[in-house]
Amino acid sequence: MVKGSVENYRLIHNWVMAQHMQSHAPYKWDYWPHEDVRAECRFVGLTNLGATCYLASTIQQLYMIPEARQAVFTAKYSEDMKHKTTLLELQKMFTYLMESECKAYNPRPFCKTYTMDKQPLNTGEQKDMTEFFTDLITKIEEMSPELKNTVKSLFGGVITNNVVSLDCEHVSQTAEEFYTVRCQVADMKNIYESLDEVTIKDTLEGDNMYTCSHCGKKVRAEKRACFKKLPRILSFNTMRYTFNMVTMMKEKVNTHFSFPLRLDMTPYTEDFLMGKSDRKEGFKEVSDHSKDTESYEYDLIGVTVHTGTADGGHYYSFIRDIVNPHAYKNNKWYLFNDAEVKPFDSAQLASECFGGEMTTKTYDSVTDKFMDFSFEKTHSAYMLFYKRMEPEEESGKEYKFDVSSELLELESHNSFCIWSLVISFIIEPLENSIVHSEENEWIWHDNMQFLQDKNIFEHTYFGFMWQLCSCIPSTLPDPKAVSLMTAKLSTSFVLETFIHSKEKPTMLQWIELLTKQFNNSQAACEWFLDRMADDDWWPMQILIKCPNQIVRQMFQRLCIHVIQRLRPVHAHLYLQPGMEDGSDDMDASVEDIGGRSCVTRFVRTLLLIMEHGVKPHSKHLTEYFAFLYEFAKMGEEESQFLLSLQAISTMVHFYMGTKGPENPQVEVLSEEEGEEEEEEEDILSLAEEKYRPAALEKMIALVALLVEQSRSERHLTLSQTDMAALTGGKGFPFLFQHIRDGINIRQTCNLIFSLCRYNNRLAEHIVSMLFTSIAKLTPEAANPFFKLLTMLMEFAGGPPGMPPFASYILQRIWEVIEYNPSQCLDWLAVQTPRNKLAHSWVLQNMENWVERFLLAHNYPRVRTSAAYLLVSLIPSNSFRQMFRSTRSLHIPTRDLPLSPDTTVVLHQVYNVLLGLLSRAKLYVDAAVHGTTKLVPYFSFMTYCLISKTEKLMFSTYFMDLWNLFQPKLSEPAIATNHNKQALLSFWYNVCADCPENIRLIVQNPVVTKNIAFNYILADHDDQDVVLFNRGMLPAYYGILRLCCEQSPAFTRQLASHQNIQWAFKNLTPHASQYPGAVEELFNLMQLFIAQRPDMREEELEDIKQFKKTTISCYLRCLDGRSCWTTLISAFRILLESDEDRLLVVFNRGLILMTESFNTLHMMYHEATACHVTGDLVELLSIFLSVLKSTRPYLQRKDVKQALIQWQERIEFAHKLLTLLNSYSPPELRNACIDVLKELVLLSPHDFLHTLVPFLQHNHCTYHHSNIPSVLVAYEGLPLHLALFPKLWTELCQTQSAMSKNCIKLLCEDPVFAEYIKCILMDERTFLNNNIVYTFMTHFLLKVQGQVFSEANCANLISTLITNLINQYQNLQSDFTNRVEISKASAALNGDLRALALLLSVHTPKQLNPALIPTLQELLSKCRTCLQQRNSLQEQEAKERKTKDDEGATPVKRRRVSSDEEHTVESCISDMKTETREVLTPTSTSDNETRDSSIIDPGTEQDPPSPENSSVKEYRMEVPSSFSEDTSNIRSQHAEEQSDNGRFEDCKELKDLHCSKDSNLTEEESEFPSTSLSAVLSDLADLRSCDGQALPSQDPEVALSLSCGHSRGLSSHMQQHDILDTLCRTIESTIHVVTRISGKGNQAAS
């Protein structure tokens, strides 16, 4: 219809344009009416205005009661009616709730008219709902007699208090009306218990007897409250709020409190509780028959829930629909939560309203489980509403409300309204088609406007408007002719409607369209600006009030674009007056300037906004001033126009809140309440002293720009009004105000520069104002002023005429430093590195401020700032940064390269500080100055110690430092004197690596005499004292150490000083608290005992005496259980000779060290604290040296007595044995072995009678408790250690009962079966060790059922055969590489032995026919290789043969001393007299026997020769006759085997052994394994096995073939060539396989 038709386009343009003009209230921002549609349940909510949830819950409860709703609707007005406005707003609210199409009603009008406690409702203050409910129905009751009757019948009840005399016939009764019943919740389970509490009978007797008003005497009586009259709507107030008299605070009771859906009040009525004789005549009902028809059963119809605490929370309601009979019968409930209304399941009432506790699942990171977590619910019922049950005919009736007919017509016209609104855009507004009464016009208008908004704010309509504004004009014959119309429609739609929408995805396209239309039409641009110049509606609504920053920025840029489009045409008109006759009168008034251009008229309108309605603390002013700023930057015409309008003074008056001389400020109020509400939301309620928002930054930039644009050479051409606004007034109020507010300090600096060029006097006044402000303001408020001072100081160069701000500022800085010293010093510290003038000025005036602020000032922050200022004087960035970044200021700067100029400045500062040492003693009196005044001073001097040069500069001032320390700091009994700590730190660092300064100390007798006197408080429980000592003591004792290193005389003098012994006694035991100090004390101890060749006897005697005194002191004061670190460190230094060690023995030192060992053993063995391993090794080495020192003196009685007193020695030895395991590191095991050997040698009889049974007992215990050694062997199987197989092979060969029991336990262990299986499956090369192979021949038959099933065993045999065939095929034809031969031979030999073992326990039905030919070829190749090697290595073969003839390699003998050998012999002779039964640790002799056996008389005899020793040595070779072994196996397991033929096959395995003469002799098998020789050999070889490397031609082969050693023995495989062994293995395997194949063929035939 419109395409190509200009007339139709004009027609529809006019219709649509009418919808987007200012004919209605402005739309809300982010408006989308589809979200505000009435709920599906057809109920309307109430908007929460902040804290009005109590009001919403009350109104909804009343509205949902049909009688209350009808009463409000039908209320009549009268002249003298009270609360008339409240009734009117209540009627409007009820009408809206019933008829509105919106989601919620805004109750702000009601809140404005309603008063409570004679005060209007504060929407931000929460109130108690019960109080508001009672107040509201009371006001309704007071409105009219009809409403009073309605309220009485609905909510009013009567409760009577009855006193029945027991001694007379009189009854006293008083009545009390109520609207709500208060229910006690605390200590109550449900509402019935609470009602019982209300009506409970109370007997008045004794001292509490009742005085009868009729008899005039005291009588016994019963007191009870009863419900005499119950209302139709019974409301309960659950008393959830209580007052805690202990905490004096209001609390909420969240306990469980239940109530029923149907409540029977009969048991609580007067008729039920009081007999007729007890009732007073005057209170009888007039009509008894009417009362009989009333029901006392009530249905629950409403619950108001409170969630939160007693101090604050939220109300919401659950309400049953009793208006609709169908809904009432179906028990329909709804949730009314402010604006939200939705259906609710009444089955959830208990969980939502009863309160109590709820349980939820929470994850516990410690247990890694979800735990049940219970907590109290914060939501529970606060008010209950019950409705009396009505007869069937009444409960089922349908309610009809007497509302005016015009109002009811809305429902019937809804469809017509919707259709009318759809076509209203084309035809005419709906308001003209329907006539309403005036009193109901507002609800019609609201609904129609809302339905119209739904159709407008819709994407389909937005698309229609896009077509109408963008596409349709291009189809017209002359698009330019309608360009103005199109631009008007697009602009009006976008600015009036589209930008208000919440969903506007095409906003960028619309802005581009507007830009394009304005570019194509100058008339459109002029219309746009003229429209806004005549009416500030769009600028006010969009630029000022819009909360969306993107929209504001879009509008501001669009306006700037339009002005730039018009600038070429209108720029020359900016400064011309708007005369109608067109004459150019340049002397026209200000009001007439710019009247000829729409641009200037629009800008003038914007400026007027500041004078009429906008407040300086509005939120959204950034884009407003940004527009003016961009306009001023366009050119000289624009800035001159703003200056001609005196825009500067306008902005100043606007900001300062003052009124201009001719422009009184008028506040414009909006016409609509919603508009007023938006304005209130846009205003920040800031106090006067608060800062203005940052939205005014562009305003300051605009003022600075205009001032600079007004400059004409050396003068400013500002008007007197503008100049007075900027610089007038006392103290420059405008500058002061916006600097204090911190608004755009950079532009403020530019403004000051512009004002002060060629005006030094003004510059001085402004600087004076800045410092005056700093002096008056708090440090926080003064920050912007310091920031401005920094910017003024940084100015360098620039245009001519700039005043010397740096000089002015530096001259005035001392005037305010007294008021704000910390900030001033910090500011100077920032300026000094940047500004040379500031640097030289601060450096030259050091004498005036360093002592004043670094030493004398009372505030630590000021002293620290002074130190930072000193650091800033050093022209080195690294020097400054390291000082500020370090946490401790007591660390000297080392290895920091400085330039010569920097060094000169550093020395200048350092010299000034050293010169203050003599003055520093004025500030050390703790009572006057405290204990921290000198900390920054000494910290900075410590930091200045770059090199030795600075240390030597101190020499001149040494006595000043000493006089400061002694006695001012060293003697006063102050626990934490931080001045002393800082001084000592500086003193130590200035003496380190500087012998010259040390000589100043040791060469001064006064200093050496008194330096050891220093008050130290050793309070190890006070953390402050501990932290102080941790920092102070290392420096102090470090100074003493440096002196001792240079002066032997001072060393001797200090060693005998009582304070040093005190330090050893009280400080070194606490090494964890004072690590640095303890380290220095032990360094001193080393110096005290150090001997020089030129020492005199007296000095040596002093050292001896010092050691004796110190050792005795430690033995008396140390607690071995906690001070083992001190004990080890001290004894490591002090125990130099046997005399020192015997001193330890005589003074119970062994007991002390045992206590330390017990603690370390517990930490290591039980708590797995591996960090104490080093301490254990150190302690055991000290133990060893002490024990060795006692052996030459065993005959002395004092030594013997000291050892006898060491009663923990046996337990000590037992704990040493527990450390002999593979988990302990080698150094720890070695230390334990050495100490154990020394103990055995020290007392053989005592320790052998204890240790040997202990070992046997533990061995048996291990085997009775799942044999943990099996698990160790299994875990260590990849290491191929043969200790485990050898042990059990020997046990298997001994026929003792205990061995059989142990073997039985071993075979029952499932881990052992896994061990066997792992050897056969994964570690077959382990079988190359003959010990292991022998072990497998003994034990495989015993556990074969646990290791493999028949099928698994057959599969493994098949796999082995297949692998053998494949390995042979993969072998190289030329065996030239010896390493490869060894590897391949070892693998083949292991596989063949595994195959032989498996064939011995399982006979397969059929073998691979290629096995025998493969074995024969392999045997031939191996023999050929052997012949080649034999011919090449004939000599080597002869040597090997010689070794074979000599027999197996003897066991590695352990070398012992003659004493030890004799001890061994004597021990053996003693053991032969003992019973051969196994001893337990409890069977040893008593203490007296052990004590008497410490000194063995046999040690004085000559020892026998080693050849005569009766100790038998073990051999670890495999038995030569395998047939005997296999026969033993068969004899032991014959009953367990079902197939006798299987044992015959085992005979063929005897050729698989390659060792000779390896059986244990009969004597060796009978010799007990617990002999002393075995024990000592075990201990020695356990230590040696860690580091042994067995000879082999290849490391890998050596590892696989040499891990089967025990006690230093090499396996048999190392003594025979692997190829020779492989050949014999192949021969035997061929023989076995041939036999099996033959039997299989016979069976098949």
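Computed from a predicted model, the values in this text were never measured in an experiment. (Residues numbered from 1 in each chain as written. Predicted model: local features only at pLDDT ≥ 70, side-chain atom pairs only at ≥ 80, totals over all residues. Heavy atoms only, no water.)

### Here we look at the overall build of the protein chain
Secondary structure assignment for the protein chain yields 78 helices and 24 strands. A burial count over the protein chain gives 51% of its 1645 residues as buried. Counted over contacts in the protein chain with a minimum sequence separation of 6, partners at least 24 positions apart contribute 76%. Here the protein chain displays about 77,000 Å² of accessible surface, and carbon together with sulfur accounts for 50% of that area. (Helix = DSSP H or I, 4+ residues; strand = E, 2+ residues; numbered from the N terminus. Buried < 20%, exposed > 50% of the residue type's maximum accessible area, 1.4 Å probe, protein only. Contact = heavy atoms within 4.5 Å. Areas by Shrake-Rupley, 256 points an atom, 1.4 Å probe, with all protein chains shown as cover.)

### Examining the nonpolar core
Ranked by size, the top nonpolar core spans 360 residues in total, and within it Phe528, Phe938, Trp987 and Tyr1037 carry the most contacts. With twelve residues, the single largest contributor to this core is helix α49 (residues 1023-1046). Excluding residues that lie within four positions of it along the chain, Tyr1037 makes contacts with Ile1016, Ala1063, Leu1067, Ala1077, Glu1080, Leu1081 and Leu1084. Core analysis: the second largest hydrophobic core is formed by 65 residues, Cys1292, Met1336, Leu1340 and Val1401 among them. (Core = buried A, V, L, I, M, F, W, Y, C linked by side-chain atoms within 4.5 Å.)

### Here's the deal with the sheet that holds strand β5 (residues 157-165)
Pairing is antiparallel in the open sheet, where four strands are placed in the order β6-β5-β11-β8. Each of the sheet's edge strands pairs with one partner strand only, and the pair in question is β6 (171-178) and β8 (202-204). Taking each pair of neighbouring strands and ignoring which way they run, the sheet shows an average axis angle of 25°. Summarising the sheet, β5 and β6 pair through eight bridges and their orientation is antiparallel. By the bridge assignment, Asn162 is partnered in β6 with Gln173. (Pairing = 2+ DSSP bridges. Axes fitted to C-alpha atoms, helices over the stretch in contact; angles between N-to-C directions.)

### Focus: the pattern of salt bridges
In total, this model carries 48 salt bridges according to the counting rule given. Residue Arg1121 is joined to Asp1119 by a salt bridge in which the shortest nitrogen-to-oxygen separation is 3.2 Å. We classify Asp1119 as partly exposed; its relative accessible area is 27%. The residue Glu1238 makes a salt bridge to Arg1191 at a minimum N-O spacing of 3.1 Å. (Salt bridge = Lys/Arg side-chain N within 4 Å of Asp/Glu carboxyl O.)

### Description of the packing of helix α63 (residues 1283-1293) against helix α64 (residues 1297-1308)
Across the interface, α63 lies against α64 with an axial gap of 9 Å and an inter-helix angle of 135°. In terms of orientation, α63 and α64 fall into the oblique class. Each of Phe1284, Trp1288, Leu1291 and Cys1292 in α63 lies in contact with α64, whose residues at this interface are Ser1299, Cys1302, Ile1303 and Leu1306. (Parallel < 35°, antiparallel > 145°, perpendicular 65-115°, else oblique.)

### Quick word on the packing of helix α32 (residues 760-776) against helix α34 (residues 805-816)
Two elements in contact, α32 and α34, have axes whose closest approach is 10 Å; the angle formed by their N-to-C orientations is 30°. In terms of their interaxial angle, α32 and α34 are classed as roughly parallel. The interaxial crossing formed by α32 with α34 has right-handed handedness. When α32 is examined against α34, the residues Asn760, Ala763, Glu764, Val767, Ser768, Phe771, Ile774 and Ala775 are found in contact with a partner set consisting of Phe805, Tyr808, Ile809, Arg812, Ile813 and Val816. Here the contact of α32 with α34 is composed, by residue class, of ten nonpolar, two polar and two charged. (Left-handed = near helix turned anticlockwise from the far one by under 90°. Nonpolar A, V, L, I, M, F, W, Y, C, P; charged D, E, K, R; others polar.)

### Considerations on the pairing of strand β19 (residues 340-344)
With five bridges connecting them, strand β18 (residues 333-337) and β19 associate as antiparallel partners. Across the sheet, Tyr334 pairs through a bridge with Pro343, a residue of β19. Here β18 folds back onto β19, and the loop between the two strands holds two residues, one of which, Asp338, carries a positive phi near 55°.

### Focus: the state of the cysteines
What the rule picks out here adds up to zero disulfides. Left without a disulfide partner, Cys1425 is nearest to the cysteine sulfur of Cys1422, which lies 7.3 Å away. With relative accessibility at 4%, the residue Cys1425 sits in the buried group. (Disulfide = S-S within 2.5 Å.)

### Points about helix α29 (residues 720-727)
Within the sequence span of α29, burial applies to Asp722, Ala725, Leu726 and Thr727. Those residues of α29 hidden inside the fold are in contact with α25 (636-644), α26 (647-656), α28 (697-709), α30 (733-740), α31 (745-756) and α32.

### Brief notes about the side chain of Ser639
Checked against the element boundaries, Ser639 lands in helix α25. Within the local environment of Ser639, its side chain forms a polar contact with the backbone oxygen of Glu636, the two atoms lying 3.0 Å apart. Sequence-distant contacts of Ser639, that is, excluding residues within four places in its chain, are made with Ala632, Leu706 and Gln709. (Polar contact = N/O pair within 3.5 Å; in protein donor to acceptor, adjacent residues only side chain to side chain.)

### Comments concerning a negative patch on the surface
On the surface, a cluster of negative charge is contributed by Glu1097, Glu1098, Glu1101 and Asp1102. Along the chain, Glu1097 falls in helix α53 (residues 1097-1117). The class for Glu1097 is exposed, based on a relative accessible area of 62%. (Patch = residues over 30% accessible without salt bridge, like charges linked within 9 Å, V, L, I, M, F, W, Y side chains within 5 Å. Lys, Arg positive; Asp, Glu negative; His and termini not counted. Charge placed at Lys NZ, Arg CZ, Asp CG, Glu CD.)

### Focus on the pairing of strand β16 (residues 297-308)
Of all twelve residues in β16, ten are buried; the element is thus mostly enclosed. Pairing of strand β15 (residues 262-264) with β16 involves three bridges; the strand directions are antiparallel. For Arg262, the partnering residue across the bridge sits in β16 and is Asp299. Both β16 and strand β22 (residues 379-388) contribute to a ladder of nine bridges, which runs antiparallel. When the bridges of β22 are listed, Thr307 appears paired with His379. Looking at chain direction, β16 and strand β17 (residues 313-320) are connected through seven bridges and run antiparallel. The partner of Gly302 across the bridge, within β17, is Ile319. Joining the antiparallel neighbours β16 and β17 is a turn of four residues.

### Looking at unusual backbone geometry
Between Gln966 and Pro967 the backbone carries a cis peptide bond, its omega angle lying at 0°. With respect to the helices and strands, the residue Pro967 is situated in the loop between α45 (958-965) and α46 (978-991). Despite not being glycine, Lys118 shows a phi value in the positive range, around 65°. Turning to its location among the elements, Lys118 is positioned in the loop between β3 (115-116) and β4 (119-120). Positive phi values are uncommon outside glycine, yet Asn331 reaches one of about 55°. Structurally, the position occupied by Asn331 is in the loop between α11 (325-329) and β18. For Asn331, a relative accessible area of 27% corresponds to the partly exposed category.

### Here we look at the environment of Ala310
Positionally, Ala310 belongs in the loop between β16 and β17. A relative accessible area of 15% places Ala310 in the buried class. Put simply, Ala310 and Lys252 are 58 residues apart on the chain and 5.0 Å apart in space, counted from C-alpha to C-alpha. Contact partners of Ala310, with chain neighbours within four places excluded, come to Tyr241, Lys250, Glu251 and Lys252.

### Some words on α49
Structural remark: α-helix, 3.6 residues per turn; residues separated by three or four positions point the same way. Along its 24 residues, α49 runs 35 Å from first to last C-alpha, staying within 8% of the 34 Å computed at 1.5 Å per residue. Across the 24 residues that make up α49, a large majority, 17, are buried. Where α49 begins, one side-chain oxygen reaches toward the backbone nitrogen of Asp1024, 3.1 Å away; that side chain belongs to Asp1022. (Expected span 1.5 Å × (residues − 1).)

### Brief notes about the environment of Tyr1037
As for its placement among the helices and strands, Tyr1037 is situated in helix α49. Taking the relative accessible area as the measure of exposure, Tyr1037 reaches 2% and is therefore buried. As a C-alpha pair, Tyr1037 and Ala1077 span 40 residues in sequence and 6.8 Å in three-dimensional space.

### With respect to the packing of aromatic side chains
A full pass over the atoms with the stated rule returns 74 aromatic pairs. Here Phe133 and Phe155 contribute two aromatic rings whose centre-to-centre distance is 5.7 Å and whose plane-to-plane angle is 85°, an arrangement assigned as edge-to-face. Remark: Phe155 occurs in helix α7 (residues 145-155) and Phe133 occurs in helix α6 (residues 129-143); sequence separation between them is 22 residues. Here the two residues Phe133 and Phe155 agree in accessibility, since each one is buried. Put simply, the rings of Tyr27, Tyr31, Trp32, Phe457, Tyr461, Phe462, Phe464, Trp466, Phe493, Phe498 and Trp510 touch in pairs and so form one group of aromatic residues. One residue, Arg69, lies across the ring of Tyr63, its end atom 3.7 Å from the ring centre. The ring of Tyr1333 is capped by Arg1393, whose NZ or CZ atom sits 4.7 Å from the centre of that ring. (Phe/Tyr/Trp six-rings, centres within 6.5 Å; stacked < 30°, edge-to-face > 60°. Lys NZ or Arg CZ within 6 Å of the ring centre and 35° of its normal.)

### What to know about the side chain of Gln831
Tracing the sequence through the fold places Gln831 in helix α35 (residues 821-831). For Gln831, a relative accessible area of 1% gives the class buried. When residues no more than four places from it in sequence are discounted, the contact partners of Gln831 are Thr790, Met793 and Ala838.

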